[in-house]
Amino acid sequence: DGGITQSPKYLFRKEGQNVTLSCEQNLNHDAMYWYRQDPGQGLRLIYYSQIVNDFQKGDIAEGYSVSREKKESFPLTVTSAQKNPTAFYLCASSPIAGDYNEQFFGPGTRLTVL
Amino acid sequence: RKEVEQDPGPFNVPEGATVAFNCTYSNSASQSFFWYRQDCRKEPKLLMSVYSSGNEDGRFTAQLNRASQYISLLIRDSKLSDSATYLCVVNRRSGGYQKVTFGTGTKLQVIP
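What counts, and at which threshold
Residues numbered from 1 in each chain as written. Chains lettered and ligands numbered in written order. Predicted model: local features only at pLDDT ≥ 70, side-chain atom pairs only at ≥ 80, totals over all residues. Heavy atoms only, no water. Buried < 20%, exposed > 50% of the residue type's maximum accessible area, 1.4 Å probe, protein only. Helix = DSSP H or I, 4+ residues; strand = E, 2+ residues; numbered from the N terminus. Pairing = 2+ DSSP bridges. Contact = heavy atoms within 4.5 Å. Salt bridge = Lys/Arg side-chain N within 4 Å of Asp/Glu carboxyl O. Polar contact = N/O pair within 3.5 Å; in protein donor to acceptor, adjacent residues only side chain to side chain.

Enquirer: Explanation requested: the pairing of strand S5 (residues 43–51) of chain A in the structure shown.
Expert: Note on strand geometry: in a regular strand, side chains alternate between the two faces of the sheet. All names here are of chain A. S5 sits mainly inside the fold: seven of its nine residues count as buried. Taken together, strand S4 (residues 31–37) and the strand that follows it, S5, pair antiparallel across an intervening segment of five residues, in which Gly40 is found at a positive phi of about 75°. Inspection of the sheet shows S5 paired to strand S6 (residues 54–57) by three bridges, in the antiparallel sense. Paired with Tyr47 across the bridge in S6 is Lys57.

So, in structure tokens, the structure goes:
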């Protein structure tokens, strides 16, 4: 089955530790995205990438880093510089060609920093 | 002003009712539009794209008004299973990249 996987589903970390969230897709999509969602709020874009080895900052990139070494993978690192990292993190992918590029989401990772 | 705005609700409606949500966008260069559905503590899932001519999928109808810069979603004959948060999404090209903006969502609660 084609889709997007994120792991782990729940993640607990101590304050001051870096943590990397995994996102893999087998949809052959060019574009991949990371969002953060806080309780009762909408999705905010952290980073996105439209081709391998290229990525762009979104609206709230501070304290996060990404890499795009393979088309299928777009891991997100939450660094100790992120002041309030506890949130629901969603990865998405979409094809690029054409205007109507719907995004497909993974199941998300709930990160709790203790 | 936010690029995409939605009434957060909640909209509490009885089963069988018709309910409509609007979403306004500020950038006239916006090119494509979507409605997503998000259940509590789950990922968003595409409900429907919104085309200029309007489109319908069963009980759901989406409309786009470019002149007034808003999109709408109409749900007829509401079911309990329609209870969710509905997210408006707007795409546009910016500097060679596609910029995707989500609204904060409108919460719908269908009550028996």
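Enquirer: Looking at this structure, how should I read unusual backbone geometry?
Expert: Peptide bonds are trans in most cases, and residues, glycine excluded, mostly fall at negative phi. Residue A:Pro8 is reached from A:Ser7 by a cis peptide bond, and omega for that bond is -10°. Mapped onto the elements, A:Pro8 comes out in the loop between strand S1 (4–7) and strand S2 (10–13). Despite not being glycine, B:Gln69 has its phi angle at roughly 60°, a positive value. Tracing the chain through its elements places B:Gln69 in the loop between strand S7 (60–65) and strand S8 (70–75). Even without a glycine there, the phi angle at B:Asp77 is positive, about 50°. Residue placement: B:Asp77 occurs in the loop between S8 and strand S9 (84–94). Residue class for B:Asp77 comes out partly exposed when judged on its relative accessible area of 35%.

Enquirer: For this particular structure, what's the right way to read the interface of chain B and chain A?
Expert: Accessible area lost upon the coming together of the parts is a frequently used measure of interface size. Chain B puts 25 residues into the contact, and the matching count from chain A is 25 residues. Run the count over chain B and chain A and you get one salt bridge. Between A:Asp59 and B:Lys99 there is a salt bridge, with its nearest N and O atoms 3.8 Å apart. Counting every contact that joins chain B to chain A gives two residue pairs in polar contact (both at pLDDT 80 or more). Mapped by element, the contributors of at least two residues to the side of chain B that touches chain A are strand S4 (32–38), strand S5 (45–50), S9 and strand S10 (97–102) of chain B.

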